[in-house]
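Given next are the chains, with one letter for each unit.
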Amino acid sequence: GIQPLSLDVYREALQGTGDLSPSRFIRAAAILMEREAYQDTFDYLARIERKFAADGLPEEDHLRLLLLKADVHLATGRDAAAAALLEQVLRADPLHGKALLLLARHARKQGDHALAAIRFQRAAKVKDTEVDALLEHARMKVRLRQYSEAAALLEQAQSVRPADNVARYLDSVRNALLAGRRNR
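This is a predicted model, so every value here is computed, not measured.

Peer 1: Would you mind going over the overall build of the chain with me for this structure?
Peer 2: If you tally the helices and strands in the chain, you get ten helices and zero strands. Traced from its N-terminal end to its C-terminal end, the chain shows the element sequence α-α-α-α-α-α-α-α-α-α. Carbon together with sulfur atoms contributes 49% to the accessible area of the chain, which is approximately 10500 Å² in total.

Peer 1: What is the right way to look at the nonpolar core in this model?
Peer 2: Taken as a class, soluble globular proteins show a tendency for nonpolar side chains to be buried jointly. One finds L86 and L154 to be the most contacted residues of the largest nonpolar core, which totals 37 residues. Counting 15 residues, the second largest nonpolar core, distinct from the first, contains I26, A29, L32 and M33.

Peer 1: Just checking my understanding: could you explain unusual backbone geometry for this structure?
Peer 2: Trans is the common state for peptide bonds, and a negative phi is the common state for residues other than glycine. Look at E36: it is not a glycine, yet its phi comes out positive at around 65°. Turning to its location among the elements, E36 is positioned in the loop between α2 (22-34) and α3 (38-51). According to the relative accessible area criterion, E36 is exposed, its value standing at 56%. For R145, which is not glycine, the phi dihedral falls at a positive 60°. Judged by relative accessible area, which is 64%, R145 ranks as exposed.

Peer 1: Explanation requested: helix α9 (residues 147-160) in the structure shown.
Peer 2: Taking 1.5 Å per residue, 14 residues should reach 20 Å; α9 reaches 20 Å between its end C-alpha atoms and fits that length. Along α9, the residues classified as buried are A150, A151, L153, L154, A157 and Q158. The buried residues of α9 all sit within an arc of 165° when viewed along its axis, so they share a single face. Summarising the contacts, the buried residues of α9 are in contact with α8 (130-143) and α10 (164-182).

Calculation rules
Residues numbered from 1 in each chain as written. Predicted model: local features only at pLDDT ≥ 70, side-chain atom pairs only at ≥ 80, totals over all residues. Heavy atoms only, no water. Helix = DSSP H or I, 4+ residues; strand = E, 2+ residues; numbered from the N terminus. Areas by Shrake-Rupley, 256 points an atom, 1.4 Å probe, with all protein chains shown as cover. Core = buried A, V, L, I, M, F, W, Y, C linked by side-chain atoms within 4.5 Å. Buried < 20%, exposed > 50% of the residue type's maximum accessible area, 1.4 Å probe, protein only. Expected span 1.5 Å × (residues − 1). Arc of directions from axis to C-beta. Contact = heavy atoms within 4.5 Å.

All quantities given are derived from atomic positions and should not be read as evidence of function.
Structure follows, in structure tokens:
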């Protein structure tokens, strides 16, 4: 990880005319974020934006920076600001799995289950977020007592990446579905 001394080196490089790539600076910001140093992360991201303002960041680095800023906002309870940044990511990359997943969570949290479902479905089409999206979508369906749909999503997740805990959850959902049918 980054020790305080090496972080100072990155900060100095940001202020100077060093030729480190933007992705190196963004990686340092990601490490700060992992350490839950949210204000430091936010300040550092602002410095990165200032340093590369004239030349602009390469698209991939710009999207990573927006995602990190959104992560900081989410971690500090500023969901609306995070959602706005994630929407920016989706405008540039409509199939950005992580942005879709985070926006699906945001919609679910806001009680917009229809939008959450659409975003979970889109995130499930992206290989890196497929299983997480299926599982979270299934959990939302369980909370809404839509056990049949939840079971189908869990079965799909199991077919992609089998896991014991998911198998147990699927059994519970199937039992709830059967119990619901018997009580009609």
